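# Structural features, examined
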Amino acid sequence: MTDPHQYLADFEQRLQQAQEQANAIQTAFRESRTQAQSPDGSVIVTVGSGGRIESLQLTPRADDLGHTALGRTIMDTIRRAQVEAAHKIEDTMRPLLGDGEGMAFLREQVEQGIAVIDPAGTVEEPKPAPRRPAPPLSDDDDFGGNSVLR
(Lines give C-alpha, C1' and ligand atoms only; values in the text may rest on other atoms or scores of the structure.)
Protein backbone atom coordinates (compact mmCIF):
# COMPACT_ATOMS: atom_id res chain seq x y z
CA MET A 1 0.00 0.00 0.00
CA THR A 2 1.18 3.51 -0.73
CA ASP A 3 2.23 5.68 2.19
CA PRO A 4 -0.35 8.54 2.37
CA HIS A 5 2.26 10.98 3.69
CA GLN A 6 4.60 10.23 0.78
CA TYR A 7 1.68 10.47 -1.66
CA LEU A 8 0.76 13.90 -0.28
CA ALA A 9 4.40 15.07 -0.41
CA ASP A 10 4.71 13.91 -4.04
CA PHE A 11 1.43 15.62 -4.92
CA GLU A 12 2.58 18.89 -3.33
CA GLN A 13 5.86 18.69 -5.24
CA ARG A 14 4.01 18.15 -8.57
CA LEU A 15 1.71 21.04 -7.70
CA GLN A 16 4.71 23.29 -6.98
CA GLN A 17 6.31 22.30 -10.30
CA ALA A 18 3.06 23.07 -12.14
CA GLN A 19 2.89 26.49 -10.46
CA GLU A 20 6.50 27.23 -11.43
CA GLN A 21 5.76 26.23 -15.03
CA ALA A 22 2.65 28.45 -15.08
CA ASN A 23 4.71 31.37 -13.76
CA ALA A 24 7.35 30.75 -16.43
CA ILE A 25 4.68 30.74 -19.14
CA GLN A 26 3.21 34.02 -17.86
CA THR A 27 6.68 35.58 -17.82
CA ALA A 28 7.37 34.36 -21.36
CA PHE A 29 4.19 36.00 -22.63
CA ARG A 30 4.88 39.25 -20.75
CA GLU A 31 8.42 39.42 -22.14
CA SER A 32 7.51 38.64 -25.74
CA ARG A 33 7.77 42.33 -26.69
CA THR A 34 9.34 42.74 -30.12
CA GLN A 35 10.32 45.72 -32.22
CA ALA A 36 10.42 45.71 -36.02
CA GLN A 37 11.54 48.35 -38.47
CA SER A 38 10.47 48.67 -42.09
CA PRO A 39 13.20 47.96 -44.68
CA ASP A 40 13.39 51.66 -45.60
CA GLY A 41 13.50 52.74 -41.94
CA SER A 42 10.35 54.86 -42.16
CA VAL A 43 8.27 52.86 -39.65
CA ILE A 44 9.14 51.31 -36.29
CA VAL A 45 6.56 49.15 -34.51
CA THR A 46 6.67 47.55 -31.06
CA VAL A 47 4.26 44.73 -30.28
CA GLY A 48 3.67 42.99 -26.98
CA SER A 49 2.30 39.62 -26.06
CA GLY A 50 -0.37 38.33 -28.36
CA GLY A 51 0.73 40.74 -31.09
CA ARG A 52 -0.79 43.77 -29.35
CA ILE A 53 0.59 47.00 -30.84
CA GLU A 54 2.33 48.99 -28.12
CA SER A 55 3.91 51.74 -30.18
CA LEU A 56 4.12 53.02 -33.73
CA GLN A 57 6.83 55.48 -34.71
CA LEU A 58 7.21 57.26 -38.02
CA THR A 59 10.66 58.55 -38.87
CA PRO A 60 11.32 61.54 -41.16
CA ARG A 61 11.68 59.03 -44.02
CA ALA A 62 7.92 58.45 -43.79
CA ASP A 63 7.40 61.96 -45.19
CA ASP A 64 8.80 60.75 -48.51
CA LEU A 65 6.14 58.07 -48.90
CA GLY A 66 2.69 58.68 -50.27
CA HIS A 67 -0.28 57.85 -48.08
CA THR A 68 -0.90 54.52 -49.86
CA ALA A 69 2.73 53.37 -49.58
CA LEU A 70 2.92 54.56 -45.97
CA GLY A 71 -0.23 52.63 -45.03
CA ARG A 72 1.13 49.47 -46.67
CA THR A 73 4.51 49.93 -44.97
CA ILE A 74 2.85 50.37 -41.57
CA MET A 75 0.76 47.21 -42.00
CA ASP A 76 3.73 45.17 -43.28
CA THR A 77 5.88 46.32 -40.34
CA ILE A 78 3.14 45.48 -37.83
CA ARG A 79 2.80 41.99 -39.30
CA ARG A 80 6.56 41.51 -39.28
CA ALA A 81 6.71 42.49 -35.59
CA GLN A 82 3.81 40.16 -34.78
CA VAL A 83 5.53 37.25 -36.52
CA GLU A 84 8.78 37.93 -34.67
CA ALA A 85 6.92 38.11 -31.34
CA ALA A 86 5.19 34.81 -32.08
CA HIS A 87 8.50 33.12 -32.91
CA LYS A 88 9.97 34.55 -29.73
CA ILE A 89 7.13 32.99 -27.72
CA GLU A 90 7.67 29.66 -29.50
CA ASP A 91 11.39 29.74 -28.71
CA THR A 92 10.69 30.60 -25.08
CA MET A 93 7.99 27.96 -24.68
CA ARG A 94 9.87 25.08 -26.33
CA PRO A 95 11.93 24.24 -23.20
CA LEU A 96 8.74 24.26 -21.10
CA LEU A 97 6.50 22.33 -23.49
CA GLY A 98 9.04 20.13 -25.25
CA ASP A 99 8.33 19.00 -28.78
CA GLY A 100 5.12 17.16 -27.98
CA GLU A 101 1.46 17.92 -28.51
CA GLY A 102 1.52 21.16 -26.51
CA MET A 103 4.22 22.66 -28.71
CA ALA A 104 2.49 21.41 -31.87
CA PHE A 105 -0.72 23.09 -30.72
CA LEU A 106 1.09 26.37 -30.00
CA ARG A 107 2.80 26.27 -33.41
CA GLU A 108 -0.55 25.60 -35.11
CA GLN A 109 -2.15 28.56 -33.32
CA VAL A 110 0.71 30.86 -34.29
CA GLU A 111 0.53 29.82 -37.93
CA GLN A 112 -3.24 30.33 -38.05
CA GLY A 113 -3.37 33.56 -36.11
CA ILE A 114 -0.84 35.84 -37.72
CA ALA A 115 0.62 36.67 -41.08
CA VAL A 116 3.51 34.67 -42.50
CA ILE A 117 6.58 36.30 -44.00
CA ASP A 118 7.83 34.59 -47.13
CA PRO A 119 11.58 34.30 -47.90
CA ALA A 120 11.46 37.39 -50.15
CA GLY A 121 10.40 39.46 -47.14
CA THR A 122 6.89 40.27 -48.29
CA VAL A 123 3.97 39.63 -46.04
CA GLU A 124 1.14 37.24 -46.86
CA GLU A 125 -2.21 36.97 -45.13
CA PRO A 126 -2.65 33.82 -43.05
CA LYS A 127 -4.14 30.85 -44.86
CA PRO A 128 -7.27 29.31 -43.35
CA ALA A 129 -6.60 26.14 -41.42
CA PRO A 130 -7.64 22.92 -43.10
CA ARG A 131 -10.87 21.56 -41.68
CA ARG A 132 -10.57 18.40 -39.71
CA PRO A 133 -13.11 15.70 -40.55
CA ALA A 134 -15.70 14.95 -37.91
CA PRO A 135 -14.85 11.92 -35.81
CA PRO A 136 -16.70 8.81 -36.92
CA LEU A 137 -19.66 7.76 -34.86
CA SER A 138 -18.98 4.67 -32.85
CA ASP A 139 -21.13 1.59 -33.33
CA ASP A 140 -22.58 2.17 -29.86
CA ASP A 141 -24.18 5.39 -31.10
CA ASP A 142 -25.55 3.94 -34.34
CA PHE A 143 -29.02 2.51 -33.99
CA GLY A 144 -29.56 2.21 -37.74
CA GLY A 145 -32.14 4.97 -37.73
CA ASN A 146 -34.23 3.06 -35.19
CA SER A 147 -35.11 4.13 -31.69
CA VAL A 148 -33.43 2.42 -28.78
CA LEU A 149 -36.86 2.20 -27.21
CA ARG A 150 -39.14 -0.52 -28.52
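Values in this document were obtained by computation on a predicted structure and should not be read as measured data.

### Some words on the UniProt feature "coiled-coil region" (unreviewed entry) in the protein
Mapped onto this numbering, the UniProt entry annotates "coiled-coil region" (unreviewed entry) at residues 8-35. With 82% helix and 7% strand, residues 8-35 has end C-alpha atoms that lie 46 Å from one another.

### Notes on the sheet that holds strand β2 (residues 43-47)
Spatially, three strands are ordered β1-β2-β3 in an open sheet, and the strand pairing comes out antiparallel. Across the chains shown, the open sheet's two edge strands, defined by having one partner strand only, are β1 (34-37) and β3 (53-58). Each strand axis lies, on average, 15° off the axis of its neighbour in the sheet, ignoring direction. In terms of strand pairing, β1 meets β2 through four bridges, oriented antiparallel. In the sheet register, T34 faces β2, and the bridge partner there is V47.

### Side note on helix α2 (residues 67-97)
Here α2 spans 44 Å end to end across 31 residues, near enough to the 45 Å set by a 1.5 Å rise per residue. Once α2 ends, the next one or two residues include G98, with phi positive near 75°.

### A short note on a nonpolar patch on the surface
Taken together, Y7, L8, F11 and L15 make up a surface patch of nonpolar side chains, about 420 Å² in accessible area. If you trace the backbone, F11 turns up in helix α1 (residues 4-30). For F11, a relative accessible area of 39% puts it in the partly exposed group.

### Remarks on the pattern of salt bridges
The final tally for this structure, using the stated rule, is three salt bridges. Here E54 ties to R52 by a salt bridge, and the two come within 2.8 Å at their closest N and O atoms. You can call R52 partly exposed: its relative accessible area is 47%. Here D76 ties to R79 by a salt bridge, and the two come within 3.8 Å at their closest N and O atoms. Here D76 pairs with R79, and both are found in helix α2, just three residues apart, close to one helical turn. It is possible to trace a salt-bridge network through shared partners that takes in R33, R52 and E54.

### A closer look at the nonpolar core
Core analysis: the largest hydrophobic core is formed by 10 residues, namely A36, V43, V45, V47, A62, L70, I74, I78, A81 and A85. Within the residue set of this core, elements represented by two or more residues are β2 and α2. Of all the elements, α2 adds the most residues to this core, at five residues. For I74, the residues in contact, after removing those within four places along its chain, are V43, L56 and L58. A28, I89, M103 and L106 belong to the second-largest nonpolar core, a separate cluster that totals five residues.

### What to know about the pairing of β3
Alignment of β2 against β3, held across five bridges, turns out to be antiparallel. By the bridge assignment for β3, V47 is matched with I53. With antiparallel pairing between neighbouring strands as the criterion, β2 and β3 make up a hairpin whose turn holds five residues, including G50 at a positive phi of roughly 75°.

### Some thoughts on the packing of α1 against α2
Close contact between α1 and α2 brings their axes to 10 Å; oriented N to C, the two are set at 170°. The angle between α1 and α2 falls in the class roughly antiparallel. Contact residues: Q21, A24, I25, A28 and F29 in α1; I89, T92, M93 and L96 in α2. Of the residues in the contact of α1 with α2, the class split is seven nonpolar, two polar and no charged.

Scoring rules and cut-offs
Residues numbered from 1 in each chain as written. Predicted model: local features only at pLDDT ≥ 70, side-chain atom pairs only at ≥ 80, totals over all residues. Heavy atoms only, no water. UniProt positions renumbered as here; feature names shortened; annotations may be inferred. Helix = DSSP H or I, 4+ residues; strand = E, 2+ residues; numbered from the N terminus. Pairing = 2+ DSSP bridges. Axes fitted to C-alpha atoms, helices over the stretch in contact; angles between N-to-C directions. Expected span 1.5 Å × (residues − 1). Patch = residues over 30% accessible without salt bridge, like charges linked within 9 Å, V, L, I, M, F, W, Y side chains within 5 Å. Areas by Shrake-Rupley, 256 points an atom, 1.4 Å probe, with all protein chains shown as cover. Salt bridge = Lys/Arg side-chain N within 4 Å of Asp/Glu carboxyl O. Buried < 20%, exposed > 50% of the residue type's maximum accessible area, 1.4 Å probe, protein only. Core = buried A, V, L, I, M, F, W, Y, C linked by side-chain atoms within 4.5 Å. Contact = heavy atoms within 4.5 Å. Parallel < 35°, antiparallel > 145°, perpendicular 65-115°, else oblique. Nonpolar A, V, L, I, M, F, W, Y, C, P; charged D, E, K, R; others polar.

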